[in-house]
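Below, each chain spelled out in residue letters.
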Amino acid sequence: MPFLLYNSQTRKKEIFTPLVPGKVSMYVCGVTVYDDCHLGHARSALTFDIIRRYLEFSGYEVRYVRNFTDIDDKIINRAEKDGIAWDEISERYIQNFYRDMGALSITKPHEEPRATEHMPDILRMVEGLVNKGTAYQLEGDVYFSVKKFPGYGQLSGKNLEELQAGARVEVDTRKQDPMDFALWKASKPGEPAWDSPWGRGRPGWHIECSAMSVAALGPTFDIHGGGKDLIFPHHENEIAQSCAYTGKEFARYWVHNGFVTVDKEKMSKSLGNFFTIREILEKSPIPKSEAAIGECLRYYLLSTHYRSDLNFSEKSIPEAKVAMENIYGLIQRLEEDDSRESNQADEDFGQVLKEFTKKFHESMDDDFNTPKTLAAIHEFRGGINKLLFKGLSDQMRKTIIDSLRKYGKPLGLFQLTVLQWNAIVMRPSPAIISLMAPPVKVVVESSNEDQWIEGQIRLRNEARAKKDFSTADQIRKELADQGIILEDRPDGTTRWKR
């Protein structure tokens with residue numbers, strides 16, 4: 001089955017054919033680093049992380065570039081508000097970006113250019129556009145002349161009059177046309193600035209990505225991505241200035257993810273209706289480790305197709321946790337089930353796996369249909385549960401776990417150990433502490449929580465051996481209050497789970 005990718009420019013799914021067979025070049029517009037990232041940023045980052053992961057999983061060699069806009073009016077305003085240098089603001093939020101994306105297991109791109117590191121490329125492109133007559137200078141500013149590019153509007157699918165009627169254009173009566181956009185902006189007193197042929201200033205927003213993508217991937221590359229709010233004017237302007245400069249096709253496939261909404265309104269900082277990734281990780285109603293919450297957040301974001309809008313509510317993460325719990329619970333049962341010799345159930349797994357892998361690839365090859373992929377995974381889980389009931393050999397149970405992790409990897413799911421998944425951040429209650437000898441104050445962190453629970457189980461088993469059932473029952477109750485369920489097994493061992 002051919003791999004289909006929806007192209008925003010043609011507004012249809014197309015068979016994906018890279019410029020160079022077996023290799024994919026991809027550029028994605030990154031964040032402007034003036035504040036912590038919200039869930040909308042996480043969705044965009046995850047969308048292209050999945051695209052990159054699955055292409056690599058399918059055997060492609062991927063070159064993935066995502067930029068940082070590290071100089072902008074918003075950064076300058078934040079620096080003034082906080083009373084520190086603009087570049088300190090940029091660096092602070094770049095590091096926070098890495099922190100939050102790391103918690104979501106977002107794979108780092110191969111290259112992460114910053115606008116301030118590519119001033120020579122930006123100046124070269126602006127000067128080239130001026131020399132070609134498609135840009136003009138106005139008192140230290142340089143503007144792109146939209147009417148000089150006949151293909152303007154090809155991405156948004158609208159003509160110039162329609163775009164002008166619906167656009168919020170930059171007010172400047174000096175411009176030759178209201179739709180013309182800034183390539184270079186003369187600096188104001190006290191603002192950061194760089195030397196240029198037109199005086200000291202800094203680049204406009206749109207020119208940064210054109211210069212950085214061409215520098216990293218060449219004049220024409222395979223995939224250009226970002227949120228659908230970037231279609232116009234940012235990506236429309238990128239096409240115009242890039243094609244006018246190089247005389248060649250810019251990006252061959254345009255990919256855009258949908259919004260995260262709250263009460264059907266786009267989540268954005270300007271509306272004040274956003275949740276930062278850090279808030280979700282730290283204030284999640286699931287008392288799990290950050291790694292586990294990160295996987296739940298990935299699952300939630302993947303439960304809707306990347307091109308569709310996704311509504312966020314307080315139930316979103318807990319619902320994703322229930323679905324993930326089913327998979328990790330299965331892995332735990334596979335790890336702990338009694339050993340059996342190879343039997344018919346082992347042979348049956350081959351057919352179950354074959355049916356699953358077919359559905360997995362069909363859904364992912366169809367424009368990364370992750371909701372359908374997740375449904376196939378849970379159907380696969382159901383088939384495994386039936387085989388587990390019949391009995392599976394040690395080797396086959398290990399093979400099944402490896403399969404779950406293998407096909408979860410392109411999605412960034414099911415990569416934790418059972419202990420990592422079950423780890424929770426918690427403090428033991430005073431009643432449990434009082435049963436420990438000698439009495440100590442214990443703070444249980446996510447890194448050693450599992451050992452602490454095992455210790456409580458040992459204390460309970462010792463109490464049961466001494467027929468001190470009151471103490472044993474009290475420990476069990478205290479653990480239950482912390483969300484830990486104990487299962488006493490026929491062989492005398494005790495298994496715990498959340």
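Before reading on, note that the structure itself is shown above.
In this text the structure is predicted, and so the values were computed from the model without any measurement.

On to the pattern of salt bridges. Applying the stated criterion across every chain yields a total of 36 salt bridges. For Arg-124, the salt bridge identified is with Asp-121, shortest N-O distance 2.9 Å. Remark: Asp-121 and Arg-124 occur in helix α4 (residues 119–132); sequence separation between them is three residues, near one turn of the helix. For Asp-488, the salt bridge is made with Arg-460, and the minimal N-O distance between the two is 3.0 Å. One end of the pair, Asp-488, is in strand β14 (residues 485–488); the other, Arg-460, is in helix α16 (residues 449–465), and 28 residues separate them in sequence. Looking at Arg-460, the relative accessible area reads 4%, which means it is buried. Residues joined by salt bridges that share partners form a network here, namely Asp-36, Arg-99, Asp-100, Arg-278, Glu-282 and Glu-290.

Taken in spatial order, the four strands line up as β5-β6-β7-β8 in an open sheet, and their pairing is antiparallel. The sheet is open, and its two edges are formed by β5 (135–138) and β8 (201–203), each paired on a single side. The sheet shows a mean angle of 20° between the axes of neighbouring strands, taken without regard to direction. Relative to strand β7 (residues 181–186), strand β6 (residues 141–144) is paired through three bridges, and the arrangement is antiparallel. Bridged to Tyr-143 within β7 is Ala-182.

Moving on, we get to the packing of helix α10 (residues 316–336) against helix α13 (residues 394–408). It is the contact of α10 with α13, at a shortest axis distance of 9 Å, that shows an interaxial angle of 155°. Considering the angle they form, α10 stands roughly antiparallel to α13. Handedness of the crossing formed by α10 with α13: left-handed. Between α10, through Tyr-328, Leu-330, Ile-331, Leu-334 and Glu-335, and α13, the contact on the second element is made entirely by Arg-397, Ile-400, Ile-401, Leu-404 and Arg-405. Considered class by class, the residues forming the contact of α10 with α13 number seven nonpolar, no polar and three charged.

Considering all chains together, one arrives at two cavities of 30 Å³ or more under this definition. Lining the largest cavity we find Arg-43, Leu-46, Thr-47, Ile-50, Ile-51, Leu-301, Leu-302, Thr-304, Tyr-306, Phe-368 and Thr-370. If you tally residues by element for the lining of the largest cavity, the top one is helix α1 (residues 39–57), at five residues. When the residues that make up the lining of the largest cavity are grouped by side-chain class, the tally is seven nonpolar, three polar and one charged. Each of domain 1 (4–262) and domain 2 (284–419) gives at least three residues to the lining of the largest cavity. Taken as a whole, the second largest cavity holds about 30 Å³ of empty space. Forming the walls of the second largest cavity are Phe-356, Ile-377, Phe-380, Ser-403, Leu-404, Tyr-407, Gly-408 and Phe-414. Among the elements that take part in the lining of the second largest cavity, α13 stands out by supplying four residues, more than any other. Here the residues of the lining of the second largest cavity sort into six nonpolar, two polar and no charged.

This part covers the environment of Trp-86. Inspection of the secondary structure assignment puts Trp-86 in helix α3 (residues 86–103). Considered as a pair, Trp-86 and Ile-76 are 10 residues apart in the sequence and their alpha carbons are 5.5 Å apart. Non-local contacts of Trp-86, meaning those with residues more than four positions away in its chain, are made with Asp-70, Ile-71, Ile-75, Ala-79, Thr-116, Pro-192 and Trp-194.

All told, the structure shown has 29 aromatic pairs when counted by the stated rule. Measuring from ring centre to ring centre gives 6.0 Å for Trp-86 and Trp-194, while their planes differ by 70°; the resulting arrangement is edge-to-face. Note that Trp-86 is positioned in helix α3 and Trp-194 in the loop between β7 and β8, a separation of 108 residues in sequence. Counting every residue linked through ring pairs, the aromatic cluster contains Phe-3, Phe-16, Tyr-54, Phe-57, Tyr-60, Tyr-253, Phe-349, Phe-356, Phe-360, Phe-368, Phe-380 and Tyr-407. Stacked on the ring of Tyr-98, the Lys or Arg Lys-108 has its end atom at 4.3 Å from the ring centre. The ring of Tyr-6 has Arg-307 sitting right over it, with the charged end atom 4.1 Å from the ring centre.

Turning our attention to the sheet that holds strand β4 (residues 61–66). Taken in spatial order, the four strands make up an open sheet running β4-β3-β9-β10, and their pairing is parallel. Both outer strands of the open sheet, β4 and β10 (251–257), are each paired with one neighbouring strand and no more. Averaged over all adjacent pairs, the angle separating strand axes in this sheet is 20°, with direction ignored. Across three bridges, strand β3 (residues 23–28) lies against strand β9 (residues 221–227) in parallel orientation. Its bridge partner lying in β9, Val-28 is registered against Gly-225.

The alternating pattern of β6 places Asp-141 and Tyr-143 and Val-142 and Phe-144 on opposite faces, both of which are buried. What sits between β5 and β6 in their antiparallel hairpin is a turn of two residues, with Glu-139 showing a positive phi close to 50°.

Time to look at unusual backbone geometry. The omega angle of the peptide bond from Phe-232 to Pro-233 is 10°, so this bond is cis rather than trans. For Pro-233, the position within the fold is in helix α7 (residues 231–246). Even without a glycine there, the phi angle at Arg-11 is positive, about 60°. With respect to the helices and strands, the residue Arg-11 is situated in the loop between β1 (4–7) and β2 (12–15). Residue Ser-105 is not a glycine yet carries a positive backbone phi of 60°. Relative to the helices and strands, Ser-105 is located in the loop between α3 and α4.

Conventions used here
Residues numbered from 1 in each chain as written. Predicted model: local features only at pLDDT ≥ 70, side-chain atom pairs only at ≥ 80, totals over all residues. Heavy atoms only, no water. Salt bridge = Lys/Arg side-chain N within 4 Å of Asp/Glu carboxyl O. Helix = DSSP H or I, 4+ residues; strand = E, 2+ residues; numbered from the N terminus. Buried < 20%, exposed > 50% of the residue type's maximum accessible area, 1.4 Å probe, protein only. Pairing = 2+ DSSP bridges. Axes fitted to C-alpha atoms, helices over the stretch in contact; angles between N-to-C directions. Parallel < 35°, antiparallel > 145°, perpendicular 65-115°, else oblique. Left-handed = near helix turned anticlockwise from the far one by under 90°. Contact = heavy atoms within 4.5 Å. Nonpolar A, V, L, I, M, F, W, Y, C, P; charged D, E, K, R; others polar. 1 Å grid on protein atoms, 1.4 Å probe; cavity = no way out; pocket = protein on both sides within 12 Å on 5 of 7 lines; lining within 4 Å. Points joined across faces, edges and corners; volume = space filled by probe spheres on them. Domains from an automatic or database assignment. Phe/Tyr/Trp six-rings, centres within 6.5 Å; stacked < 30°, edge-to-face > 60°. Lys NZ or Arg CZ within 6 Å of the ring centre and 35° of its normal.

Such coordinate-based values are descriptive only and should not be taken to indicate function.
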